[in-house]
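# Analysis of the macromolecular model
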Amino acid sequence: MLYYVLNTLIGIVVAIALANLLLALFARRQGDAAWKVVFAGQRPRRAAGMRGLRWEPEWELVTAQPKQATWRTQAVLRNVGREQGTVMDCFARAYLPQEQCAGVRADVLVMAEDAPRHDNYWEARLVPAKTNVSVRIELTLTLTGEPAPAWESIPEIPVDLFYQVYGRSDYTYEKTRFYCLPAERERALVAKGAMAK
């Protein structure tokens with residue numbers, strides 16, 4: 001009797017293991033959503049003294065006042081996988097340490113290009129395989145110190161774009177780092193007449 005019970009239990013365990021294996025093989029064959037961030041019409045560049053490539057997108061000056069300026073760039077969040085995925089959240093963080101740049105505050109606003117919002121809220125969206133979500137990123141620098149630092153004294157600003165995504169697998173947070181270079185900012189300020197050459 002015990003022999004038949006053990007054989008039955010082993011048969012059940014083997015059947016469950018086989019079903020899990022078949023399910024894993026099916027999911028692997030189907031694929032999953034996979035994500036990549038690119039900046040329209042640009043390629044990552046190799047920076048002097050650094051290993052690897054980095055994004056240095058073009059920034060457009062949106063507004064300029066004596067103590068505040070806002071720049072904008074466009075990015076594309078692309079689902080390069082084989083399945084539909086969901087972008088649950090998307091936000092950015094600018095790294096401008098107070099020790100390096102006292103008196104300057106950096107704020108970043110991220111929004112979908114087709115549904116702009118200025119409250120820093122990202123509406124979740126389904127992204128079919130091999131399609132894109134256009135993302136608008138706005139960086140606002142505010143000079144808060146007394147005396148206010150000069151625009152030229154602000155170094156390059158690394159910005160991380162974080163996005164919470166999932167497909168068939170569990171959700172993950174992924175990030176892409178890009179930079180706002182001083183030369184880009186100064187060129188835009190001079191062009192708008194907000195800074196002397």
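Every value quoted in this text rests on a predicted model; they were computed, and no experiment measured them. (Residues numbered from 1 in each chain as written. Predicted model: local features only at pLDDT ≥ 70, side-chain atom pairs only at ≥ 80, totals over all residues. Heavy atoms only, no water.)

### Quick notes on the overall build of the protein chain
Counting secondary structure elements, the protein chain contains two helices and 11 strands. Seen in sequence order, the protein chain has helices and strands lined up from the N terminus as α-β-β-β-β-β-β-β-β-β-β-β-α. Along the three orthogonal principal directions, the C-alpha set of the protein chain runs to about 95 × 35 × 35 Å. Counting the 197 residues in the protein chain, one finds 38% classified as buried. When contacts within the protein chain are restricted to residue pairs at least 6 apart in sequence, long-range pairs at least 24 apart make up 70% of them. For the protein chain, the accessible surface area stands at approximately 12100 Å², while carbon and sulfur atoms represent 55% of it. (Helix = DSSP H or I, 4+ residues; strand = E, 2+ residues; numbered from the N terminus. Buried < 20%, exposed > 50% of the residue type's maximum accessible area, 1.4 Å probe, protein only. Contact = heavy atoms within 4.5 Å. Areas by Shrake-Rupley, 256 points an atom, 1.4 Å probe, with all protein chains shown as cover.)

### What to know about empty space enclosed by the protein
Taken as a whole and judged by the stated rule, the model has one cavity of 30 Å³ or more. Approximately 40 Å³ is the volume found for the largest cavity. If you trace the largest cavity, you find it lined by V110, M111, A112, A115, R117, Y121, W122, E123 and R125. Sort the elements by how many residues they give to the lining of the largest cavity and strand β7 (residues 104-112) lands first, with three residues. A class-by-class count of the residues in the lining of the largest cavity yields six nonpolar, no polar and three charged. (1 Å grid on protein atoms, 1.4 Å probe; cavity = no way out; pocket = protein on both sides within 12 Å on 5 of 7 lines; lining within 4 Å. Points joined across faces, edges and corners; volume = space filled by probe spheres on them. Nonpolar A, V, L, I, M, F, W, Y, C, P; charged D, E, K, R; others polar.)

### Some thoughts on the sheet that holds strand β6 (residues 85-94)
Taken in spatial order, the four strands make up an open sheet running β8-β6-β10-β11, and their pairing is antiparallel. Either end of the sheet is taken by a strand with one partner, and the two such strands are β8 (125-127) and β11 (172-180). Neighbour-to-neighbour, the strand axes of this sheet turn through a mean angle of 35°, independent of strand direction. In this sheet, strand β10 (residues 157-166) lies alongside β6 in antiparallel orientation, the contact comprising eight bridges. Counterpart to T86 in the pairing with β10 is Y166. (Pairing = 2+ DSSP bridges. Axes fitted to C-alpha atoms, helices over the stretch in contact; angles between N-to-C directions.)

### A word on the side chain of T176
Along the chain, T176 turns up in strand β11. Judged by its relative accessible area of 12%, T176 is buried. Within the structure, the side chain of T176 is placed 3.1 Å from the side chain of Y163, a separation counted as a polar contact. When sequence neighbours within four positions are dropped, the list of residues in contact with T176 reads V37, W55, V159, D160, L161 and Y163. (Polar contact = N/O pair within 3.5 Å; in protein donor to acceptor, adjacent residues only side chain to side chain.)

### Concerning the nonpolar core
Core analysis: the biggest nonpolar cluster contains 42 residues, and W71, V110, I137, L141, I154, I157 and L161 have the highest contact counts within it. Among the secondary structure elements, those contributing two or more residues to this core are β1 (35-38), β5 (68-79), β6, β7, β9 (132-143), β10, β11 and α2 (182-192). For this core, the element with the highest residue contribution is β9, accounting for six residues. (Core = buried A, V, L, I, M, F, W, Y, C linked by side-chain atoms within 4.5 Å.)

### Re a nonpolar patch on the surface
Nonpolar side chains collect at one region of the surface, where M1, L2, V5, L6, L9, I10, I12, V14 and I16 lie side by side and expose about 930 Å² of accessible area between them. Its place among the elements puts L9 in helix α1 (residues 2-30). The class for L9 is partly exposed, based on a relative accessible area of 48%. (Patch = residues over 30% accessible without salt bridge, like charges linked within 9 Å, V, L, I, M, F, W, Y side chains within 5 Å. Salt bridge = Lys/Arg side-chain N within 4 Å of Asp/Glu carboxyl O.)

### Remarks on the packing of aromatic side chains
Throughout the structure, instances matching the rule amount to seven aromatic pairs. A centroid spacing of 5.2 Å and a plane angle of 55° characterise the contact between F39 and W55, whose relative ring orientation is tilted. Placement of the pair is F39 in the loop between β1 and β2 (45-46) and W55 in the loop between β3 (53-54) and β4 (60-65), with a sequence separation of 16 residues. Each member of the pair, F39 as well as W55, is classed as buried. One aromatic cluster is present, built from ring pairs that chain together F39, W55, W59 and F178. Here the basic side chain of R54 rests over the ring of Y179, its NZ or CZ set 3.8 Å away from the ring centre. The aromatic ring of W122 is capped on one face by R125, whose charged end is 5.6 Å from the ring centroid. (Phe/Tyr/Trp six-rings, centres within 6.5 Å; stacked < 30°, edge-to-face > 60°. Lys NZ or Arg CZ within 6 Å of the ring centre and 35° of its normal.)

Any functional reading would require information beyond the geometric quantities listed.
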